[in-house]
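# Understanding the architecture of this molecule
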Amino acid sequence: MLNPKDFKNLLQHNRLTEFVKQSKLTPRDIADFANRNAKWAVSLFQHIDARSAARAFKFIRKKKQEDIIKSLPEEKAAEILNALQPDDRTAFLSDLPGSAVKELLTKLDPEQRAQTLKLLGYEEDSVGRLMTPDYVAIKMSETCQDVLHLIRRRGQATETLNWLFVIDDNGILIDDINIKDFLVVDPETTVAQIMDHQFIALKVNDAQKEAIKVFRNNSRYALPVTDDNGVLLGIVTLDDVLRLAETEGTREIQKIGGSEALDEPYTSISFINLIRKRAGWLIILFLGEMLTATAMGHFEDEISKAVVLALFIPLIISSGGNSGSQASSIIIRAMALGEIGFRDWLRVVRREFASGLVLGTILGIVGFLRVFLWQHFHLYDYGPHWVKVASTVFFSLIGVVLWGTLSGSLLPLILKKLGADPAASSAPFVATLVDVTGLVIYFTVAYIIMQGTLL
């Protein structure tokens, strides 16, 4: 693995390219060095061969990719851009402003430029932006021997050879065949003889998230992409989908935490952007939590008569918030995996009602025991009506946890149905909703149980 000291020595003696080859550094090794050592990244990409640079380039952080290309000599930058796989080049250019894209397109060969412009013409979050037009297409009438000759001629220019795609004279996809099927039969066997006419294809205008679902449900390294008429346009490979899934998962987790997605690594995002991404939801949460103060003001008389009730407010509302957050996170993840949708709301209600009831009872027993033990061992005096205090805590926890679980599980489904992002909205809404309603439940239960004694 490279380190700055070795790098400077190799660079000084003009042995960097030789070292990269002999050490068998992977694209990820090269990218990791460039990501960690910004001031040497440009020199690294300037001296290694274009093929190694192109393979490593897609693992470089987005902002650093732009810095490297802009800082390289024009000839070297053009060499790397032309060596990139079409889908990797499209992903890089997609994040740049229009003026920068226009400038970089001039560095591409005519064929690569036309290819790139076509891919950039698809909608930003569509499968078309993920696909590469580099694949091997074959005809039914060809023999396995013909196919293997074609692979020898064109194989280096394709991104993957795991799957070959059968098209008719109009370019319409009619089957896909694993390369191993060509290696285990007689060379004179025709393609038609090993076809099964069963294949899975993505639509070019489908959302990229759809590609993640299809790859997840099918054991494939590559899938074909067609237009609405079934014409084969390109393929999407597993490595691109894995990177997309990682990005989507990261964004989802950040949103569930109650902030905007950072869209860049935590260590490289500017302090101002970090604050901006987090401040919005914190302000919304703060304004929402003001309702908690309003609710407490409504029960001011009850608190003044039974001050002991105030001791358990944090316990009650935090239990509701925790149960709501648990349910919300579980449901959001199940929705992301395609396990449930809005149509399953009744099933979710049944499961979460039972879960909330059991969990609330468990916490209620713990709360009751807490009051009992503190009273019994004289750790705190809850007064002569301590049993009613303990009962209030017991039944309040059941109600609040049950409500938190139900609202936390249903809110993501409702938001999804309304077209909102459940990951971005559920956690803040659940926290505010359960805090306010938790107080109402707590003091309502207290009034019912303690009426005529403390209240």
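Residues numbered from 1 in each chain as written. Predicted model: local features only at pLDDT ≥ 70, side-chain atom pairs only at ≥ 80, totals over all residues. Heavy atoms only, no water.

### So, the overall build of the protein chain
Put simply, the rule reads: Segments assigned H or I by DSSP are reported as helices when at least four residues long, segments assigned E as strands when at least two residues long, and all are numbered from the N terminus. Classification of residues uses two cut-offs on accessible area relative to the type maximum, computed with a 1.4 Å probe and protein chains only: under 20% is buried, over 50% is exposed, and between them is partly exposed. Residues are treated as being in contact if the distance between any of their heavy atoms lies within 4.5 Å.
Each helix and strand in the protein chain was counted, giving 21 helices and six strands. By its C-alpha atoms, the protein chain is 95 × 60 × 40 Å across when sized along the principal axes. Burial status across the protein chain gives 46% buried among its 455 residues. For the protein chain, restricting intrachain contacts to residue pairs at least 6 apart in sequence, the fraction spanning at least 24 positions comes to 66%.

### Concerning the pairing of strand S2 (residues 163–167)
Residues in a regular strand point their side chains to alternate faces of the sheet. Note the cut-off: For two strands to count as paired, DSSP must find a minimum of two bridges between them.
Taken across its five residues, S2 has five buried, putting it largely inside the fold. Neither face of S2 is left uncovered, since the one carrying Trp 163, Phe 165 and Ile 167 and the one carrying Leu 164 and Val 166 both have all their residues buried. Taken together, the two bridges between strand S1 (residues 137–138) and S2 define a ladder with parallel strand orientation. Its bridge partner lying in S2, Ile 138 is registered against Val 166. As judged from the five bridges shared by S2 and strand S3 (residues 173–178), these two strands associate in the antiparallel manner. Looking at the pairing, Phe 165 lines up with Asp 176 of S3. Linking two consecutive strands that pair antiparallel, namely S2 and S3, is a turn of five residues; a positive phi of about 80 degrees is found at Gly 171 within it.

### Points about the side chain of Ser 396
Rule in force here: Polar contacts, as counted here, are pairs of nitrogen or oxygen atoms within 3.5 Å of one another; within protein the pair requires one atom able to donate a hydrogen and one able to accept it, and residues that are adjacent in sequence qualify only if both atoms are side-chain atoms.
Looking at where Ser 396 falls in the secondary structure, it is placed in helix H20 (residues 386–417). A residue is classified by how much of its surface remains accessible, and Ser 396, at 0% relative accessible area, is buried. Within the structure, the side chain of Ser 396 is placed 2.6 Å from the backbone oxygen of Thr 392, a separation counted as a polar contact.

### What about the layout of surface pockets?
Spelled out, the test is: Lining residues are defined by having an atom within 4 Å of a point belonging to a cavity or pocket. Those points lie on a 1 Å grid over the protein atoms alone, cavities being sets where a 1.4 Å probe fits but cannot get out and pockets being open sets with protein on both sides within 12 Å along at least five of seven lines. Grid points are joined across faces, edges and corners, and a volume is the space filled by probe spheres set on the points. Put simply, Ala, Val, Leu, Ile, Met, Phe, Trp, Tyr, Cys and Pro go in the nonpolar bin, Asp, Glu, Lys and Arg in the charged bin, and everything else, Gly too, in the polar bin.
Considered as a void within the structure, the second largest pocket measures approximately 510 Å³ in volume. Together, 23 residues line the second largest pocket, and Arg 55, Ala 83, Leu 84, Gln 85 and Thr 158 are the ones closest to its centre. Those elements that place two or more of their residues in the lining of the second largest pocket are helix H5 (50–57), helix H7 (74–83), helix H8 (86–94) and helix H10 (110–120). Looking at side-chain class alone, the lining of the second largest pocket contains eight nonpolar, six polar and nine charged residues.

### Here we look at the pattern of salt bridges
Inclusion rule: Salt-bridge detection follows one rule: a side-chain nitrogen of Lys or Arg within 4 Å of a carboxyl oxygen of Asp or Glu.
Within the structure shown, the criterion is met by eight salt bridges. Between Arg 220 and Asp 176 there is a salt bridge, with its nearest N and O atoms 2.8 Å apart. Placement of the pair is Arg 220 in the loop between helix H14 (208–217) and strand S5 (222–226) and Asp 176 in strand S3, with a sequence separation of 44 residues. Of the residues examined, Arg 220 reaches a relative accessible area of 11% and is grouped as buried. Within the structure, one salt-bridge network assembled from shared partners comprises Lys 58, Asp 88, Asp 239, Asp 240 and Arg 243.

### What to know about the sheet that holds S1
Taken in spatial order, the three strands of this open sheet run S1-S2-S3, and their pairing is mixed. Both edges of this open sheet fall to S1 and S3, since each of them pairs with a single strand only.

### Observations concerning the packing of aromatic side chains
The line we're drawing: Centres within 6.5 Å are what make two rings of Phe, Tyr or Trp a pair, Trp counting through its six-membered ring; a difference in plane orientation under 30 degrees is then read as stacked, over 60 as edge-to-face, and the rest as tilted. We call a charge positioned over a ring when the NZ of a Lys or the CZ of an Arg lies within 6 Å of the ring centre and within 35 degrees of the ring normal.
Scanning all chains against the criterion turns up eight aromatic pairs. Counting every residue linked through ring pairs, the aromatic cluster contains Phe 45, Phe 57 and Phe 92. Taking NZ or CZ as reference, Arg 220 lies 3.5 Å from the ring centre of Trp 163, over its face. Across the ring face of Trp 374, the terminal group of Arg 370 is positioned such that the distance to the ring centre comes to 4.3 Å.

### With respect to the sheet that holds strand S6 (residues 232–237)
Reading across the sheet, the three strands line up as S4-S5-S6 and stay open at both edges, with mixed pairing between neighbours. Edge strands, defined here as strands with exactly one partner in the open sheet, are strand S4 (202–203) and S6.

### A short note on the packing of helix H19 (residues 345–376) against H20
Keep this limit in mind: The angle between two axes is taken between their N-to-C directions and runs from 0 to 180 degrees, where each axis is a line fitted to C-alpha atoms and a helix contributes only its stretch in contact. Roughly parallel means an angle under 35 degrees; roughly antiparallel, over 145; roughly perpendicular, 65 to 115; everything else is oblique. If you view the pair so one helix is near and one far, a crossing is left-handed when the near helix is turned anticlockwise from the far one by less than a right angle, and right-handed when it is turned clockwise.
Axis separation between H19 and H20 bottoms out at 7 Å; the angle between their running directions is 155 degrees. The angle between H19 and H20 falls in the class roughly antiparallel. Read as a crossing pair, H19 and H20 show a hand that is right-handed. Classifying every residue of the contact of H19 with H20 by side-chain character gives 23 nonpolar, nine polar and one charged.

### Overview of the nonpolar core
For the record, the criterion: Put simply, buried Ala, Val, Leu, Ile, Met, Phe, Trp, Tyr and Cys residues joined by side-chain atoms within 4.5 Å make one nonpolar core.
Ranked by size, the top nonpolar core spans 32 residues in total, and within it Phe 45, Ile 69, Leu 72, Phe 92 and Leu 93 carry the most contacts. Those elements giving two or more residues to this core turn out to be helix H3 (27–36), helix H4 (38–47), H5, helix H6 (62–71), H7, H8 and helix H9 (98–105). For this core, the element with the highest residue contribution is H4, accounting for five residues. Counting 22 residues, the second-largest nonpolar core is a separate cluster that includes Val 308, Ala 390, Val 400 and Ala 446.

### Quick notes on unusual backbone geometry
Phi angles above zero are rare outside glycine, and His 197 is one such case at about 60 degrees. The residue His 197 is located in the loop between helix H13 (191–194) and S4 in this model. With relative accessibility at 51%, the residue His 197 sits in the exposed group. Here His 378, not a glycine, exhibits a phi torsion of approximately 60 degrees, which is positive. Take His 378: it is sitting in the loop between H19 and H20.

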